[in-house]
Amino acid sequence: MDKNFQEEQFTGIIKFTPPLYKQRYQFVKDLVGKYKPKKVADLGCADCTLLWMLKFCSCIEVLAGLDICTSIMKEKMHRLSPLPVDYLQPAERSLTVTLHHGSVAHKDPCMLGFDLVTCIELIEHLEESELKKFPEVVFGFMAPSIVVISTPNSEFNPLFLGVTLFRHPDHKFEWNRVQFQSWALETARRYDYSVEFTGVGHPPTGMENVGFCTQIGVFVRKHPQTSESAQSEKPTEGVYKTVFKAVYPSLKDEKYLQNAVVSEVIFTAQIIKRSLLDCVMSEHEEYNDDPTERKCKFQPSVNCFSDSLGKLVVEKSMEPFVNGHVVYIPLTTIFSFPKVNQLCGTFEKLCKLIAGKVTLSSDGSAVMFNTEHENEEN
């Protein structure tokens, strides 16, 4: 919950590299890499740093944050907005990021259906009444496939100079390993989860007996939640207030897909046109051809075209050609390029997406470029 965790202010024998909060976030990121969840919620998201890190994980399509303090979220939530490059180069996946104001002691249907729920340095901030409700909300109601909970290990505290009771003034308690594991095992048993214990922040050599500075429990649901049990618990109204929502541009949206395909088709066609014209010019210079001969078929060679495209044109008999001031580049040639093929999937979809967006020949089989004005400029 606290990015600027108090251990950074302590002076003494303990120093974590990288800082402990980064180690906790990296732990979550590694877990995402292992399990590939599509929907992730961070409870107690604070300044949204963990959410910002997770938005770059390609498997995640839905990110949600929840915190009781809106001011902390609003301070840095702009980092979760799409950047200009996200519109220029939309990702293949869809991504929606939402931030909610609310308490983890309350149930809201917007938090249903998540694969992974993270509670990083959260539970120690809860009042006793909230902590009692927390397991039912997270494990009973939300019931994600995986829950990650981290919390300070009080056995480590004597190694910090200046810590008399708790590491942070807002902490309501700090558990030792036995207390945390006892609570976690009972919670896992009650809601049909398994749990494994680990942590981050290794103790100094010779003091291994105190355990990790931050203790972590990774809960994995034993059996899939049935739709009936999920529906029976679902409240009729939400209690959280949405304070931020961002929908990233995606190639799954046909608008963005069309823009990407049109740009790639034009880019590819321009490369082919330039190589073709360079080849024609070199052949004219070499053989001193009659300049009145206006029609020239393109015969690819290593000298005037890339090896990969030359091979494609030869093997598939797809020949761009020049007729007068017009260059014709068959769509079948363009479709053979991996990037175009990957974006469209089928030739029919290519034709549909570029219709009305790219200048085509009368039969619609080729992209056309008029080079008359280009020649005048040159």
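This one's a predicted model, so the numbers in the text were calculated from it and none came from an experiment.

Q: Looking at this structure, I do not really get the overall build of the protein chain. What am I missing?
A: Along its length, the protein chain carries 13 helices and twelve strands. By residue count, 47% of the 378 residues in the protein chain fall in the buried class. The long-range fraction of contacts in the protein chain, counting pairs at least 24 apart against all pairs at least 6 apart in sequence, stands at 74%. Counting every atom, the protein chain has about 19600 Å² of accessible surface; 52% of that belongs to carbon and sulfur.

Q: Can you help me understand the pattern of salt bridges in this one?
A: As a working rule, side chains carrying opposite charge can pair if their charged atoms are close by. Tallied over the entire structure, the rule returns eleven salt bridges. A salt bridge links Lys 132 to Glu 128, with the nearest nitrogen and oxygen atoms 3.9 Å apart. Taken together, the positions of Lys 132 and Glu 128, both in helix α5 (residues 128-142) and four residues apart, correspond to about one turn of that helix. Comparing Lys 132 with Glu 128 shows no difference in burial state: the two are exposed. Notably, a salt bridge pairs Glu 155 with Arg 177, separated by 2.8 Å at the nearest N-O pair. Taken together, the positions of Glu 155 in the loop between β5 (146-152) and α6 (177-191) and Arg 177 in helix α6 put the pair 22 residues apart, joining distant regions of the chain. Overall, Glu 155 belongs to the partly exposed group, its relative accessible area being 27%. Connected through salt bridges with shared partners, the residues Glu 186, Arg 189 and Arg 190 form a single ionic network.

Q: Explanation requested: the confidence of the model for the protein chain in the structure shown.
A: Any residue range with low pLDDT should be treated as having predicted coordinates unsuitable for detailed reading. Per-residue confidence for the protein chain gives a mean pLDDT of 86, with 82% of residues at or over 70. The model gives residues 292-317 a pLDDT under 50, and that stretch makes 45 contacts with residues more than four places away or in other chains.

Q: Sorry if this is basic, but what is going on with the packing of α5 against α6 here?
A: Pairs of packed helices are described in terms of their axes, by the angle between the two and the distance that separates them. Packing of α5 against α6 leaves a shortest axis separation of 10 Å and a crossing angle of 45°. Relative to α6, the element α5 is oriented oblique. In terms of crossing hand, the pair formed by α5 and α6 is right-handed. Within the contact between the two elements, α5 uses Leu 131, Phe 134, Pro 135, Glu 136, Phe 139 and Gly 140 and α6 uses Trp 183, Thr 187, Arg 190 and Tyr 191. Here the residues of the contact of α5 with α6 are counted per class, giving six nonpolar, two polar and two charged.

Q: Help me understand the packing of aromatic side chains, please; the structure alone is not making it clear to me.
A: Within this structure, the stated rule accounts for 17 aromatic pairs. Arranged with centres 5.9 Å apart and planes meeting at 75°, the rings of Tyr 21 and Tyr 25 form a pair that is edge-to-face. Of this pair, Tyr 21 and Tyr 25 both sit in helix α1 (residues 20-35), four residues apart, which is roughly one turn of that helix. The pair Tyr 21 / Tyr 25 is uniform in exposure class, with both members buried.

Q: Help me out: how do you make sense of the sheet that holds strand β7 (residues 214-221) in this one?
A: Strand pairing in a sheet relies on backbone hydrogen bonds. The paired strands run either parallel or antiparallel. With respect to topology, eight strands assemble into an open sheet ordered β6-β7-β5-β4-β1-β2-β3-β8, the strand pairing being mixed. Single-partner strands in this sheet number two, and they are β6 (193-200) and β8 (241-247). Strand-to-strand, the axes of this sheet are offset by a mean angle of 15°, without reference to chain direction. Packing against the sheet, α6 makes contact with β5, β6 and β7, and its axis sits at approximately 155° to β6.

Q: Which parts of the structure should I look at to understand α6?
A: Given 3.6 residues per helical turn, the α-helix brings residues three or four places apart onto the same face. Between its first and last C-alpha atoms α6 spans 21 Å; for 15 residues at 1.5 Å apiece the expected length is 21 Å, and the two agree. Listed in full, the buried residues belonging to α6 are Phe 180, Trp 183, Ala 184, Thr 187, Ala 188 and Tyr 191. Within α6, the buried residues cover an arc of 130° as seen down the axis, which keeps them to one side. Summarising the geometry of α6, the exposed residues directed more than 90 degrees from the buried face are Val 178 and Arg 189. Those residues of α6 that are buried lie in contact with α5, β5, β6 and β7.

Q: Could you clarify how one ought to interpret the environment of Cys 119 in this entry?
A: Secondary-structure assignment places Cys 119 in strand β4 (residues 116-120). The class of Cys 119 is buried, set by a relative accessible area of 0%. Sequence-wise, Cys 119 and Leu 43 are 76 residues apart; in three dimensions their C-alpha atoms are separated by 5.2 Å. If near-sequence neighbours (up to four positions away) are discounted, Cys 119 is found in contact with Leu 43, Phe 134, Val 148, Ile 149 and Ser 150.

Q: It is not clear to me how the nonpolar core should be interpreted in this structure. Could you clarify?
A: In terms of nonpolar packing, the biggest core is built from 43 residues, with Val 32, Leu 54, Ile 60, Leu 99, Val 148, Phe 156 and Phe 244 touching the most fellow members. With seven residues, α1 is the single largest residue contributor to this core. Excluding anything up to four places from it in sequence, Leu 54 contacts Val 28, Lys 29, Val 32, Val 40, Ile 60 and Leu 63.

Q: Even after reading the chapter, I still don't get α1, so can you show me in this structure?
A: Compared with an ideal rise of 1.5 Å per residue, which puts 16 residues at 22 Å, α1 spans 23 Å between its outermost C-alpha atoms and is within 8% of the ideal. Packed against the buried residues of α1 are α2 (49-54), β4, β5, β6 and β7.

Each value, and the rule that gives it
- Residues numbered from 1 in each chain as written.
- Predicted model: local features only at pLDDT ≥ 70, side-chain atom pairs only at ≥ 80, totals over all residues.
- Heavy atoms only, no water.
- Helix = DSSP H or I, 4+ residues; strand = E, 2+ residues; numbered from the N terminus.
- Buried < 20%, exposed > 50% of the residue type's maximum accessible area, 1.4 Å probe, protein only.
- Contact = heavy atoms within 4.5 Å.
- Areas by Shrake-Rupley, 256 points an atom, 1.4 Å probe, with all protein chains shown as cover.
- Salt bridge = Lys/Arg side-chain N within 4 Å of Asp/Glu carboxyl O.
- pLDDT = per-residue confidence, 0-100.
- Axes fitted to C-alpha atoms, helices over the stretch in contact; angles between N-to-C directions.
- Parallel < 35°, antiparallel > 145°, perpendicular 65-115°, else oblique.
- Left-handed = near helix turned anticlockwise from the far one by under 90°.
- Nonpolar A, V, L, I, M, F, W, Y, C, P; charged D, E, K, R; others polar.
- Phe/Tyr/Trp six-rings, centres within 6.5 Å; stacked < 30°, edge-to-face > 60°.
- Pairing = 2+ DSSP bridges.
- Expected span 1.5 Å × (residues − 1).
- Arc of directions from axis to C-beta.
- Core = buried A, V, L, I, M, F, W, Y, C linked by side-chain atoms within 4.5 Å.

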